[in-house]
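Listed below, chain by chain, are the residues.
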Amino acid sequence: MLGETFARPNFLGVPFLDLATSGGGNKVMANIVAIGAVLGMLGMGIELLFDVLLSTLKKRDEDTVNRNKVAALAGYNYAGHNCVQCSFSIVQLSGQKMLLSTNDAIASGAIASGCKFYSAYPMTPSTGIMLYMAGKAKEYGIIVEQAEDEIAAINMALGASFAGVRAMTGTSGGGFALMVEGLSLAAMTETPIVIALAQRPGPATGLPTKTEQGDLLFALHAGHGEFPRVIFAPGNPEQGFLLADKAFEISQKYQIPVFIMTDQFLADTQWTVEHFDLDGLFCNEYRFSGEEECGGEYKRHAFTDSGVSPFCIPGLASGLVVTDSDEHDEEGHIIEDTATRIKMVDKRLFKKLPLIEKEIAPPLFYGHDKPEIVIIGWGSTYGLMREAVDIASKKKNIAMLHFSEIYPFPSVDAFDYLSVLKGAKTTICVEQNATGQFARLMKTETGFECGTLINRYDGRPFMLEEFLGELYARIG
Amino acid sequence: MPVLDDYKGQVPAWCPGCGNFAILKAFKEALVELGVEPRQLAIVSGIGQAGKFPHYTRCNTFNGLHGRSLPVATGIKLANHEMLVMAIGGDGDGYGEGGNHLIHAMRRNIGVKVFVHDNQIYGLTKGQASPTSMEGMVTKNQPFGVLSEQFNPMATAVALDCSFVARGYAGDPEHLKGLIISAISHKGFSLVDILQPCVSFNKINTYEWYRQRVYRLGPDHDPEDRVSAFARALEWGERIPIGVIYRNNRRTFEERVTVIQDKPLVKQIIPFRDLKEKMKETLKEHY
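The rules we used
Residues numbered from 1 in each chain as written. Chains lettered and ligands numbered in written order. Predicted model: local features only at pLDDT ≥ 70, side-chain atom pairs only at ≥ 80, totals over all residues. Helix = DSSP H or I, 4+ residues; strand = E, 2+ residues; numbered from the N terminus. Rg over C-alpha atoms; globule rule 2.2 N^0.38 Å. Buried ≥ 20, exposed ≤ 12 C-beta atoms within 10 Å, placed from the backbone. Contact = placed C-beta atoms within 7 Å. Expected span 1.5 Å × (residues − 1). Core = buried A, V, L, I, M, F, W, Y, C linked by C-beta atoms within 7 Å. Pairing = 2+ DSSP bridges. Axes fitted to C-alpha atoms, helices over the stretch in contact; angles between N-to-C directions. Domains from an automatic or database assignment. Nonpolar A, V, L, I, M, F, W, Y, C, P; charged D, E, K, R; others polar.

Draft legend 1. Examining the overall build of chain B more closely. For chain B, the count of helices and strands is 10 helices and eight strands. What you see for chain B is a C-alpha radius of gyration of 20 Å, in line with the 19 Å of a compact globule of 287 residues. C-alpha atoms of chain B, sized along the principal axes, occupy 70 × 45 × 40 Å. Within chain B, buried positions represent 51% of all 287 residues. Residue pairs in contact within chain B that sit at least 24 positions apart in sequence constitute 71% of those at least 6 positions apart.

Draft legend 2. Region of the structure containing helix H11 (residues 237-254) of chain A. All names here are of chain A. End to end, H11 covers 25 Å across 18 residues, agreeing with the expected 26 Å (1.5 Å per residue, within 8%). Across the 18 residues of H11, 16 count as buried, placing the element largely inside the fold. Phi turns positive, to about 55°, at Gln-255, one or two residues after H11.

Draft legend 3. Representation of the nonpolar core within the structure. Core analysis: the biggest nonpolar cluster contains 184 residues, and Phe-117 of chain A together with Ile-76 of chain B have the highest contact counts within it. Of all the elements, helix H8 (residues 150-162) of chain A adds the most residues to this core, at nine residues. Contacts of Phe-117 of chain A, omitting those with residues within four sequence positions, involve Ile-142, Ile-143, Ala-157, Ala-160, Val-165 and Ala-167 of chain A together with Leu-78, Ala-79 and Leu-265 of chain B. Listed in part, the 18 residues of the second largest apolar core include Met-29, Val-33, Ala-37 and Leu-39 of chain A.

Draft legend 4. Representation of the sheet that holds strand S4 (residues 112-118) of chain B. One open sheet accounts for nine strands, arranged S11(A)-S2(B)-S1(B)-S3(B)-S4(B)-S6(B)-S5(B)-S8(B)-S7(B); its pairing is mixed. With partners counted over all chains shown, the strands left at the sheet margins are strand S11 (322-324) of chain A together with strand S7 (214-216) of chain B, one partner each. Between one strand axis and the next, the sheet turns by 20° as a mean value, whatever way the strands run. Where S11 of chain A and strand S2 (residues 60-63) of chain B come together, three bridges link them in parallel fashion. Among the inter-strand pairings, Val-322 of chain A is bridged to a residue of S2 of chain B, identified as Thr-61 of chain B.

Draft legend 5. Representation of the domain arrangement of chain A in the model. Residue and element names in this part refer to chain A. Domain annotation for chain A reports domain 1 (7-82), domain 2 (99-280), domain 3 (287-359) and domain 4 (364-475). A C-alpha centroid distance of 25 Å is found between domain 2 and domain 3. Each partner contributes to the interface: domain 2 provides 14 residues, whereas domain 3 provides 16 residues. For the side of domain 2 that touches domain 3, the secondary-structure elements that each account for two or more residues are helix H9 (173-189) and H11. The leading source of residues in the side of domain 2 that touches domain 3 is H9, at three residues. For the side of domain 2 that touches domain 3, the class distribution of residues is nine nonpolar, three polar and two charged.

Draft legend 6. Structural detail: the pairing of strand S6 (residues 190-195) of chain B. Residue and element names in this part refer to chain B. When you tally the buried positions in S6, you get six out of six residues, the bulk of the element. On S6, burial covers both faces: Ser-190, Val-192 and Ile-194 on one face and Leu-191, Asp-193 and Leu-195 on the other are all buried. Bridge count for S4 against S6 is six bridges, and the pairing is parallel. From the neighbouring strand, His-117 faces S6, where its bridge partner is Ile-194. The pairing of strand S5 (residues 164-169) with S6 spans five bridges and is parallel. Following the sheet pairing, Tyr-169 is matched in S6 by Leu-195.

Draft legend 7. Geometry of the interface of chain B and chain A. Counting residues at the interface gives 46 residues for chain B, matched by 52 residues for chain A. Going through the elements one at a time, S2, helix H2 (69-79), helix H4 (99-108) and helix H10 (272-284) of chain B are the ones with two or more residues in the side of chain B that touches chain A. Residue contributions to the side of chain B that touches chain A peak at eight residues, all from H2 of chain B. Here the residues of the side of chain B that touches chain A are counted per class, giving 23 nonpolar, 17 polar and six charged.

Draft legend 8. Just the sheet that holds strand S2 (residues 115-120) of chain A, in detail. All names here are of chain A. Sheet architecture is open: seven strands sit in the order S3-S2-S4-S5-S7-S6-S15, paired in mixed fashion. Lying at the two open borders of the sheet, with one neighbouring strand each, are strand S3 (143-146) and strand S15 (405-407). Geometrically, the sheet is characterised by an average inter-axis angle of 20° between neighbouring strands, direction not taken into account. Across three bridges, the pairing between strand S6 (residues 230-232) and strand S7 (residues 257-263) is parallel. Bridged to Phe-232 within S7 is Ile-260.

What follows is the structure in structure tokens.
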């Protein structure tokens, strides 16, 4: 497909500098000429650009605005007259759409879920979440603190969470490596926390501004000791919004760490999307502050059938809230005896885990209902997979399974995706990493081994044409 | 009003003769004198003999990771600044593992009270050098003696314009109690370094060693004079001053965080229904 594209190239030479200066403008205005030319090629109205110029240059004099307009029009007219192959017409939008990144969507989902505290250290590509939060801090009453390092970031968030407010942090590979001890602390103290992990290619500093899905198994295994965690990986901004809310819900309900994993491509890209459905938000409060639950005999880590102990907000009632990173008793004081240790591990892990597993939604199934070919993926490849299925469906019985709730690995109770996979002739797992981490996880969790892998690890997102090329090479 | 019994915790697992006992006693007396109820207090501690401190009294407790008590304490204070929040740990916890956090907590001037039980040795791990061990001190792990210069927390704090800098001594508990009261009463970040003999592992800085050197700062010392405070902070060796070395009235972090000027964050929870409506409006900004 790429070959076809390059065999019949369509180019239009636009003399940007000449057009910029011929109308009395300067060389810098070549940029404006170029924007005008693009609008001309696409057959769009120039007024849109004029409006942008007016608002962007509102502090400049009228002459500057006019000279920019002249430059824009020069590019617009040139492309309109000279691009004989440009036969585009603009389809009117069916309605208003939103323009936002998945970072924005995750931040707004977190805010809608009641997040009151966000501490992080700037790191591409996760920084957008903190910027969005900071922009909304005053309006929603959120404290956004830029910590001195990622270790401080996660520990601050845990402090705020312990003290009674919903708290979150966000980072990327190396920053998360620093947070790992804090993750284990969250687990031991049963302090809820949501961690947004926006991946970029590693190891170490890697390709800081590029994309990769290389940290799934790292997030899954991070932290010393054994404890439950949940991992979500949205495939688009709407899933990011809703999963941020669900991350808080699960984190608060079971007092565990929950991850929202994205990557640079998904996190930082601006998307046009339909409005989000806010009716599905969870809206459950799990903290206590009344004297009835939090009176003098209160025990922070009390044994219960579900393994979840009522979590009181310290300072608001007469009971004391005590917790420890050492193994502890029901009150939260340090212990070393075998019986309490076993009961505590059972409480944190084995009692909670079956309940957490029930919260996990099955993968999204799309395409032919009895597919011969199934594409499997997670997180940011959602749009790619869907478009590929739409195109390949014309020739093949093809479908996709997209996982956005990854761990605990979805059970087959709600939807038996394993029988779909077993019934297919060809299964292809597409991942933006070198080793097929999700395919390995699926094999570990279900025993199903994916037939073939398509991996990309050059730091660039999959392009549809390239992916279709790879796909057809495998399915004929 | 609270009484001493309200602060009665578990029986300490410290060595007999440990300087920590005197610190614990002074601490409880100070809180009772100030009329602080255990429920109003949150202590964050790290790892080390001093890290077990909150279990030996009664208070809201977060006994977290080695060196990380200050970020946790900062989070608690920001979420609920009506609480009295303290960070308690040893010299390894506060000056070694947690050094970076100490610098930034001083910069923020967050209203957290830090008490460092400074015994100039690692007690929990049985006798390795700490950041405040004196140069040349021989341990099993430093057979050639400590090669690095001793960390000076007081001079560092004065240099960073820390808003309350004091040094106490476990061998002078009455004086120490006064310092604890001053540190708690001070608005803003307080660092109190407490010289604490470790009878098991530090055979150099003993009660006798301190007794010969420690002296109380008198009324001739003006803790608001930063230059003379710095001179006092540098004093170590033949004479070691205890008392309030330096203090200022910098605005606290809580006073500068816009969103908590009316009430603490924890008392500003927006009902979910309102939040949903508000978010609908916010999302319209993206059209």
